[in-house]
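# Coordinates in review
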Amino acid sequence: MSSHDGQKALHFDHVSVRYGKTTAAEAVSFAVPKGSVFALLGRNGAGKSSLIRCLLGQRRPQEGAATIFGEDAWSNRARLMARLGVVPEEPDAPPDMTARQLAAFCSRLYPSWDGKGVETRLRRFAVPGDVPFARLSKGQKGQLALALALGSLPELLVLDDPTLGLDVVARKALFEELVDELAERGTTVLLTSHDLAGVEAMADRVGILKEGRLLVDEPLDDLKARFRRVSFGQSDVTPHGSDAMKALDPLALKQASWGMEAVVSGFSEEAFARFAEAPGASDAEASPLSLEEIFIALCGEEGGRP
Amino acid sequence: MSNRGIWVHPELDNGDLVYYCTDTVMHRAPGWPPVKSRETIGRGPMQGGFAMKRRLTVDPADAVPIWRQIEEGLRRLVASGALARGVPVPSVRELARDLRINPATVAKAYQRLTEAGVLAVRRGEGTFVAADAPALASGERRRTLREGAERYASLALTLGAAKQEALGAVTTAWDGLGEKGGRS
């Protein structure tokens, strides 16, 4: 195991998770620097939940290790949980307990507790204090979970698809709360989400999982800088096999309604200029891709290599 | 199109007159009357008669990093005089909250602008447009103007507008922004 590293909040070191013969994660390695907002993305079943479970010490990986602040997540679970705030995908609590009772209960579990902050957030979210957990709406449960997670003044916040099932207003409130937390305390965040537009505005680093393997682990700005959609008019001379096309090295090439479309994962102006001048590629144009489009290009049905 | 942005009063001509607001909150600058409502922002005059125009927007989906969008947007606002020298800009946290982006992204843009002398931090007071903020270099000014014109011309062509019609729309928009917005 690596020695304590002050720059990393968490580290997955060749983590493999298997359920019987099914592999959920295969030798996944990545680190989240302190103060970073890391978005772990992937389709359902890509292995996100298995990795999160390893991180929270709920599951021991078959190979490799997940470490938090340099300590093994499995063997130091109890101690590490005090430094973590977690908003699970499906927030759960004793059905009869109210938000107020839950807050009182949680306050005793952590060395430091920001009771005032919890109260303020519950008021802002308009989560009633005296309604049993089971009778709260899905959005309210998530907001309560976030308020409680932030109440422990965590050094690392783990948000497992926190916007799932939330309406637009609740989602907006959640992101604003996250902005406040980041501005105030610089908390490190590990986030999984299907709301890629929200992630795009918040994450500084992204990891993309596909079928248990990590395809991408880099700063969001870098990822977006290297992806482009190149569209060009169709003509009799197809540029498929041309040297210019090879230099462009597209990830995917498809027929669009007005011509051809290629997704390029290692875009360079020079290669594009050569391609645009090549015979057969008329009206070539390169346009940027949103994170969502990049995700689809990598993980969609006909997705390819990174 | 993103509905996020800072909005400033188009008639800004001195340090006292600045509003910035977003789709949820409208912040009042010192000495200004409270603003009652903001339902129609960007679509016409606001209640109270403040014709606010959107001036800084970010598009997280763009390939240009968000910090650079903010940096360039603010640089342009300052250089063009739309954001006057000496006026306060939103705090990192306020702007991040309003745009719903990572505060570190805003901080990065502000830091670069401060290093470039466009913004100045006054301890305990906040961040302001520097009193001696540099004007837009003439080359950059020309380039910005040309790029904006090309975008508009391309839109007009797509809509099948005639040249005269398109130019007429520019004149109308120009007048709508107010004489003080630019030189006639």
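Residues numbered from 1 in each chain as written. Chains lettered and ligands numbered in written order. Predicted model: local features only at pLDDT ≥ 70, side-chain atom pairs only at ≥ 80, totals over all residues. Heavy atoms only, no water.

## Points about the sheet that holds strand β14 (residues 282-288) of chain A
Residues and elements named next belong to chain A. Spatially, β12-β13-β11-β14 is the arrangement adopted by the 4 strands of the open sheet, whose pairing is antiparallel. The open sheet has two free edges, formed respectively by β12 (250-256) and β14, since each of these has just one partner strand. The sheet shows a mean angle of 20 degrees between the axes of neighbouring strands, direction not considered. Summarising the sheet, strand β11 (residues 228-233) and strand β13 (residues 259-264) pair through 5 bridges and their orientation is antiparallel. Bridged to arginine 228 within β13 is valine 264. The sheet contacts of helix α10 (residues 269-277) involve β11 and β14, and relative to β14 the element is tilted by about 155 degrees. (Pairing = 2+ DSSP bridges. Helix = DSSP H or I, 4+ residues; strand = E, 2+ residues; numbered from the N terminus. Axes fitted to C-alpha atoms, helices over the stretch in contact; angles between N-to-C directions. Contact = heavy atoms within 4.5 Å.)

## With respect to the packing of aromatic side chains
Residues and elements named next belong to chain A. The final tally for this structure, using the stated rule, is 5 aromatic pairs over all chains. Taking the centre distance of 5.0 Å and the plane angle of 75 degrees together, the rings of phenylalanine 232 and phenylalanine 275 count as edge-to-face. Here phenylalanine 232, found in strand β11, pairs with phenylalanine 275, found in helix α10; they are 43 residues apart in sequence, far enough to count as distant. On the accessibility criterion, phenylalanine 232 (2% relative accessible area) is buried. (Phe/Tyr/Trp six-rings, centres within 6.5 Å; stacked < 30°, edge-to-face > 60°. Buried < 20%, exposed > 50% of the residue type's maximum accessible area, 1.4 Å probe, protein only.)

## Re the environment of A:Ala173
Residues and elements named next belong to chain A. Examined against the element boundaries, alanine 173 turns out to sit in helix α6 (residues 168-185). Of the residues examined, alanine 173 reaches a relative accessible area of 21% and is grouped as partly exposed. Measuring from C-alpha to C-alpha, the distance between alanine 173 and glutamine 143 comes to 8.9 Å, with 30 residues separating the pair along the chain. Discounting residues that sit within four places of it in the chain, alanine 173 has contacts with Phe125 and Gln143.

## Here we look at the packing of helix α2 (residues 92-99) of chain B against helix α3 (residues 103-115) of chain B
Residue and element names in this part refer to chain B. Running from amino to carboxyl end, α2 crosses α3 at an angle of 125 degrees, the nearest separation of the two axes being 8 Å. On the basis of their axis angle, the class for α2 and α3 is oblique. Handedness of the crossing formed by α2 with α3: right-handed. When α2 is examined against α3, the residues Val92, Leu95 and Ala96 are found in contact with a partner set consisting of Pro103, Val106, Ala107 and Tyr110. Broken down by class, the residue content of the contact of α2 with α3 amounts to 7 nonpolar, no polar and no charged. (Parallel < 35°, antiparallel > 145°, perpendicular 65-115°, else oblique. Left-handed = near helix turned anticlockwise from the far one by under 90°. Nonpolar A, V, L, I, M, F, W, Y, C, P; charged D, E, K, R; others polar.)

## Some details on the interface of chain A and chain B
On the chain B side, the residues contacting the 19 residues of chain A number 16 residues. When the two sides are added together, the surface that chain A and chain B hide from each other amounts to roughly 1600 Å², 55% of it contributed by carbon and sulfur. Residues B:Arg93 and A:Asp180 are paired through a salt bridge, measuring 3.2 Å at the closest nitrogen-oxygen approach. Inspection of the region where chain A meets chain B yields 9 residue pairs in polar contact (both at pLDDT 80 or more). Elements represented by at least two residues in the side of chain A that touches chain B include exactly α6, α7 (196-202) and α8 (220-226) of chain A. A per-element tally of the side of chain A that touches chain B places α6(A) first, with 8 residues. (Buried area = accessible area lost by both parts, 1.4 Å probe. Salt bridge = Lys/Arg side-chain N within 4 Å of Asp/Glu carboxyl O. Polar contact = N/O pair within 3.5 Å; in protein donor to acceptor, adjacent residues only side chain to side chain.)

## Considering the confidence of the model for chain B
All names here are of chain B. Across chain B, the average pLDDT comes to 69, with 65% of residues at or above 70. When mean pLDDT is taken per element in chain B, α3 scores highest with 94 and strand β2 (residues 20-21) scores lowest with 42. Long-range and interchain partners of residues 179-184, a stretch whose pLDDT sits below 50, account for 7 contacts in this model, where long-range means more than four residues apart. (pLDDT = per-residue confidence, 0-100.)

## Notes on the side chain of A:Glu181
All names here are of chain A. Along the chain, the position of glutamate 181 falls in helix α6. The class of glutamate 181 is buried, set by a relative accessible area of 4%. Not counting residues up to four positions away in its chain, the partners in contact with glutamate 181 are Arg121, Leu150, Pro154, Gly186 and Thr187.

## Looking at the pairing of strand β5 (residues 119-122) of chain B
All names here are of chain B. The sheet contact formed by β5 and strand β6 (residues 126-129) spans 4 bridges and is antiparallel. Following the sheet pairing, valine 121 is matched in β6 by threonine 127. A loop of 3 residues connects β5 with β6, the two strands running antiparallel in sequence, and glycine 124 in this loop sits at a positive phi of about 80 degrees.

## Points about the sheet that holds strand β10 (residues 213-219) of chain A
Residue and element names in this part refer to chain A. Ordered by their spatial adjacency, 6 strands build an open sheet running β6-β7-β8-β3-β9-β10, and the pairing between neighbours is mixed. This sheet does not close on itself; its edge strands, each paired only once, are β6 (84-87) and β10. Within the sheet, the average angular offset between the axes of one strand and its neighbour, ignoring direction, is 15 degrees. Strand direction decides the pairing type here: strand β3 (residues 37-42) and strand β8 (residues 188-192), joined by 4 bridges, are parallel. Residue pairing across strands places valine 37 opposite valine 189, the latter belonging to β8. Taken strand by strand, helix α11 (residues 291-299) contacts β3, β9 (205-210) and β10, and its axis lies near 25 degrees from that of β9.

## Let's talk about unusual backbone geometry
Even without glycine at this site, A:Asp161 takes up a positive phi of about 50 degrees. The exposure class assigned to A:Asp161 is buried, which follows from its relative accessible area of 4%.

## Structural notes on the packing of helix α4 (residues 115-125) of chain A against α6(A)
All names here are of chain A. Running from N to C, α4 and α6 cross one another at 155 degrees; their axes reach a closest spacing of 11 Å. Here α4 is positioned roughly antiparallel relative to α6, judged by the angle of their axes. When the axes of α4 and α6 are compared, the crossing they make is right-handed. Note on element contacts: α6 touches α4 through Ala173, Glu177, Asp180 and Glu181, opposite Arg121, Arg124 and Phe125. Residue classes in the contact of α4 with α6 are distributed as 2 nonpolar, no polar and 5 charged.

## Brief notes about the pattern of salt bridges
Going through the model one piece at a time under the given rule, you end up with 25 salt bridges over all chains. In this structure, the salt-bridge partner of A:Arg83 is A:Glu155, at a minimum N-O distance of 2.8 Å. Taken together, the residues A:Arg83 in the loop between α2 (77-81) and β6 and A:Glu155 in the loop between α5 (138-151) and β7 (156-160) connect sequence positions 72 residues apart. Classification of A:Arg83 as partly exposed rests on a relative accessible area of 26%. A:Glu155 gets classed as partly exposed once you look at its relative accessible area, which sits at 34%. Linking A:Glu90 and A:Lys138 is a salt bridge whose minimum nitrogen-to-oxygen distance equals 3.9 Å. Of this pair, A:Glu90 sits in the loop between β6 and α3 (99-107) while A:Lys138 sits in helix α5, and the two are 48 residues apart along the sequence. Residue class for A:Glu90 comes out exposed when judged on its relative accessible area of 56%. Judged by relative accessible area, which is 37%, A:Lys138 ranks as partly exposed. One salt-bridge network, held together by shared partners, links A:Lys172, A:Glu176, A:Asp180, A:Glu184, B:Arg93 and B:Arg97.

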